[in-house]
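Listed below are the residues making up each chain.
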There are 2 protein chains.
Amino acid sequence: MPVTITGLRTYDIRFPTSRELDGSDAMNPDPDYSASYVVIGTDATDSLEGHGFAFTIGRGNDVQTAAIRALEPALVGRAVAETLDDLGGMWRALVHDSQLRWLGPEKGVVHMAIAAVVNALWDLKAKRAGKPLWQLLAELPPEQLVELVDFRYLSDALTPGEALEILQRAEPGRAERAAQLRDGGYPAYATSPGWLGYSDEKLRRLCRDAVGQGFRQVKLKVGVDLADDIRRLRIARDAVGPDIRIAVDANQRWDVGAAIDWIRELAPFDPWWVEEPTSPDDVLGHAAIARAIAPVRVATGEHVANRVVFKQLLQANALSYLQLDAARVAGVNENVAILLLAAKFGVPVCPHAGGVGLCELVQHLAMFDFVAVSGSMDDRVIEYVDHLHEHFVDPVRLSGGNYLAPNRPGFSAQLRPEAMVDYAYPDGPVWKPIAGWTGA
Amino acid sequence: MPVTITGLRTYDIRFPTSRELDGSDAMNPDPDYSASYVVIGTDATDSLEGHGFAFTIGRGNDVQTAAIRALEPALVGRAVAETLDDLGGMWRALVHDSQLRWLGPEKGVVHMAIAAVVNALWDLKAKRAGKPLWQLLAELPPEQLVELVDFRYLSDALTPGEALEILQRAEPGRAERAAQLRDGGYPAYATSPGWLGYSDEKLRRLCRDAVGQGFRQVKLKVGVDLADDIRRLRIARDAVGPDIRIAVDANQRWDVGAAIDWIRELAPFDPWWVEEPTSPDDVLGHAAIARAIAPVRVATGEHVANRVVFKQLLQANALSYLQLDAARVAGVNENVAILLLAAKFGVPVCPHAGGVGLCELVQHLAMFDFVAVSGSMDDRVIEYVDHLHEHFVDPVRLSGGNYLAPNRPGFSAQLRPEAMVDYAYPDGPVWKPIAGWTGA
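Thresholds applied
Residues numbered from 1 in each chain as written. Chains lettered and ligands numbered in written order. Predicted model: local features only at pLDDT ≥ 70, side-chain atom pairs only at ≥ 80, totals over all residues. Heavy atoms only, no water. UniProt positions renumbered as here; feature names shortened; annotations may be inferred. Helix = DSSP H or I, 4+ residues; strand = E, 2+ residues; numbered from the N terminus. Pairing = 2+ DSSP bridges. Axes fitted to C-alpha atoms, helices over the stretch in contact; angles between N-to-C directions. pLDDT = per-residue confidence, 0-100. Buried < 20%, exposed > 50% of the residue type's maximum accessible area, 1.4 Å probe, protein only. Lys, Arg positive; Asp, Glu negative; His and termini not counted. Salt bridge = Lys/Arg side-chain N within 4 Å of Asp/Glu carboxyl O. Polar contact = N/O pair within 3.5 Å; in protein donor to acceptor, adjacent residues only side chain to side chain. Contact = heavy atoms within 4.5 Å.

Identification of chain A as L-fuconate dehydratase from Saccharopolyspora spinosa is taken from an unreviewed UniProt entry. What the UniProt record of chain A gives under Catalytic activity (unreviewed entry) is the line "L-fuconate = 2-dehydro-3-deoxy-L-fuconate + H2O". Recorded in UniProt for chain A, the comment headed Cofactor (unreviewed entry) runs: "Mg(2+)".

Set out below in structure tokens:
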């Protein structure tokens, strides 16, 4: 009998982060960082399981978990080896289920549920192969990488043939770049200094600390009060000096006109990019902002629903940095598509991270991009936020402002068993004493 | 003590429509038309309740229902009169809940849940006022209509001042147009003839029937097989003659290039519009198709996630007809915004309907548009599909190819109690004998 998938175990895991204002920004004043978490089990004797999750910020994590459960019938009973050998086919089967597709299509809760499951399958595949995911992906032949991608709705911007060319062009230097990664890691930037809820003093101290730790870029949340933003940006610039990049992040706070006006007021402090200036759905709005605020650059992506919207942001010259998210689009396969699109348009990918476990995931994608797609680390950084890593079995490792290459098998997605008990919502021991807690 | 909202009752209602291939199209071969249904109760002595729903096509209707349940804490205990007097404020509170917003933002399951609840609140408001919703809306002062709209992300295309001007311009003729509606109704077009699963003979007969019933437009599903489409379009054109408009609907089947090629092949049969030629997220793709296939027109909207995407479709000249959906965007308030955007850009609104109860809902929106926003019925039609109306307390009434104006209080959203029992999933009497049914 072939080894089969036996079931999905799901968990509603929430961290009461809103009590400390960690993660506070212009649109999200009181997030409780959460994971709608899934473990894919098999009847193999190796006891390997696939772990994945969708990241949410509290309320609704139960709805997200219900959506993951709705995918179980598509998985249970499938042969593990065949499934993992054709994750492109599995992706299409999940995304194009016509009845579930109606609930998006390809966006929101159902798409994020597919992200969790697809990423868990990749975690399992990498564990079975005994390799970290970035390495597994970066060793696949270009033809197999192309097969992972669904080109539906992409072919006016990227054809399978063009994708293959991009991958083949990067093939000769793979081994050298993998070695370079293992030696020196991949540059990070630090978001932790700049949460809106922090005092000026804490902002200044954390900015200095970040530079001291080797980061060459920090990020500040902006967008609630212009005078506050100017004061905080002045403090940050003063703390880091002229050579460190300071990004600002509005978390979708503005309309198009307001974004342009606000960013012009911040321009004297030389912000490197402005992130999520407006609705993530507004391709034309981002393009208008990008034209108006140059040479300040536009970055976006953490809330971009799918590859079709990324395609348009690239077609419209609406962004200078593409910030893919590991678990909002439908997992690894869709992110391979997005990396290829970005390579085609020559736009650097600087992944969104933070939350619960997003740093752990995106490092693999950025490193795969470096080794096998764009072939470059120039002008690229992975977001780094120093939250909640202690709850992961294979947490990120930073050194000198760089992410070190993961070397354990898998996608680094696995929570520690005790975290899954302690932070279970609403009945885990962390939540019991604060029952009814719904934000700061 | 003021009257308050006491709770939400939710129901997973599914109709096993896939057994008859009603509703079959190029992307949705076997839909089981479903409603994630909500009843908002109060402690008033009048026994009036608000009914609303999200429309889905089967699997995932339980996830949709879980999302509606997640909104209950935002409603329970609120004073009914205050809530119904400020549905603009209620809409903002629901849509901008920062934690739930993360799961979209403003798209997918959570946004559709808000649609169900917001529409149920409008149903309750109209019942309490003793008026059909279209009339209630059409009698509101322009200033109050503007207050219903959240202009966030819209102001580069439509300001509150411009919206007020549009509404004030239409104010003088309101009473006359309302009388005209009550006399003659509002034009419909017929989708029922053209489902993909129907035989040529059935197609021909239903096309003739539609013309005989007074419809001036029919619609055919296309997009699976070009030779089939050409044959079916020839049959339909032959059946209806040269003066009846034939729309074709690809239900998102094509990439941009394929859409253009395919539609050119169908052009000899004079299709009036092509609907959903590609991904509903692809504003630039729709614009490219629209340029390439003129004078054939592009229509879309039933899967457009929110007002921000509609804004861009209008800005990019990507559509000739805007097909709003009553329960995909966040209900009446967002549709008022969309009607105003369409009026600003001079694009006719031809609502999407069908499914479960969508005809019942959108007739109110189109009639409100005629009386108080665009002030015109020219070149406008409401989709009509003859499914499942018998399950509603206040079903649509058609005459001579026109929707007759509803005259009962409310939003016509209420299912008959026996339907809610019979089609309850998975334990209602219709489902019990076909347990495990998951599509044709």
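This next bit is on the UniProt feature "domain: Mandelate racemase/muconate lactonizing enzyme C-terminal" (unreviewed entry) in chain A. Look at the UniProt record and you will see "domain: Mandelate racemase/muconate lactonizing enzyme C-terminal" (unreviewed entry) annotated at residues 200–296 of chain A. The straight-line gap between the two end C-alpha atoms of residues 200–296 of chain A is 24 Å; of that span, 53% is helix and 15% is strand.

Okay, the sheet that holds strand E1 (residues 5–14) of chain B next. Residue and element names in this part refer to chain B. Across the sheet, which stays open at both edges, the 3 strands sit in the order E1-E2-E3 with antiparallel pairing between neighbours. Here the strands that pair on one side only, and so sit at the sheet edges, are E1 and strand E3 (50–56). Taken pair by pair, the neighbouring strands of this sheet meet at an average axis angle of 20°, ignoring direction. With 9 bridges joining them, E1 and strand E2 (residues 34–42) adopt antiparallel strand pairing. In the strand pairing of E2, Arg14 is matched with Ser34.

The next subject is the confidence of the model for chain A. Residues and elements named next belong to chain A. Averaged over chain A, the pLDDT score is 96; the fraction of residues at 70 or greater is 98%. When pLDDT is averaged over each element of chain A, helix H16 (residues 331–345) comes out on top at 99 and strand E4 (residues 186–194) at the bottom at 93. The ipTM for the predicted assembly is 0.97, set against a pTM of 0.98.

This part takes up the side chain of Asp255 of chain A. With respect to the helices and strands, the residue Asp255 of chain A is situated in the loop between strand E6 (245–249) and helix H13 (256–266). For the buried Asp255 of chain A, no salt bridge is present, and the opposite-charge side chain at shortest range is Arg152 of chain B, 5.1 Å distant. Within polar-contact distance, the side chain of Asp255 of chain A engages the side chain of Ser155 of chain B at 2.5 Å. Those residues in contact with Asp255 of chain A, other than ones at most four positions away along the chain, are Thr278 of chain A together with Phe151, Arg152, Tyr153, Leu154 and Ser155 of chain B.

Working note: non-glycine residues mostly have negative phi, and peptide bonds are mostly trans. Here Ala294 of chain A and Pro295 of chain A are connected by a cis peptide whose omega angle stands at 10°. By the element assignment, Pro295 of chain A lies in the loop between helix H14 (283–293) and strand E8 (297–300). Of the consecutive residues Gly104 of chain B and Pro105 of chain B, the connecting peptide bond is found in the cis state with omega at -15°. Looking at the secondary structure, you find Pro105 of chain B in the loop between helix H4 (98–101) and helix H5 (108–129). With phi around 65°, Ser47 of chain A is a residue other than glycine that occupies positive phi space. In this structure, Ser47 of chain A sits in the loop between strand E2 (34–42) and strand E3 (50–56). In this structure, Tyr153 of chain A takes a positive phi of about 75° despite not being glycine. The topology assignment puts Tyr153 of chain A in the loop between helix H8 (142–147) and helix H9 (160–170).

Residues and elements named next belong to chain A. Tracing the backbone through its elements, the reader meets Leu158 in the loop between H8 and H9. Along the primary structure Leu158 and Phe345 are separated by 187 residues, whereas in three dimensions their C-alpha atoms are 9.5 Å apart. With residues up to four places along the chain from it excluded, the contact list for Leu158 reads Phe151, Ala163, Ile166, Ala337, Leu340, Leu341 and Lys344.

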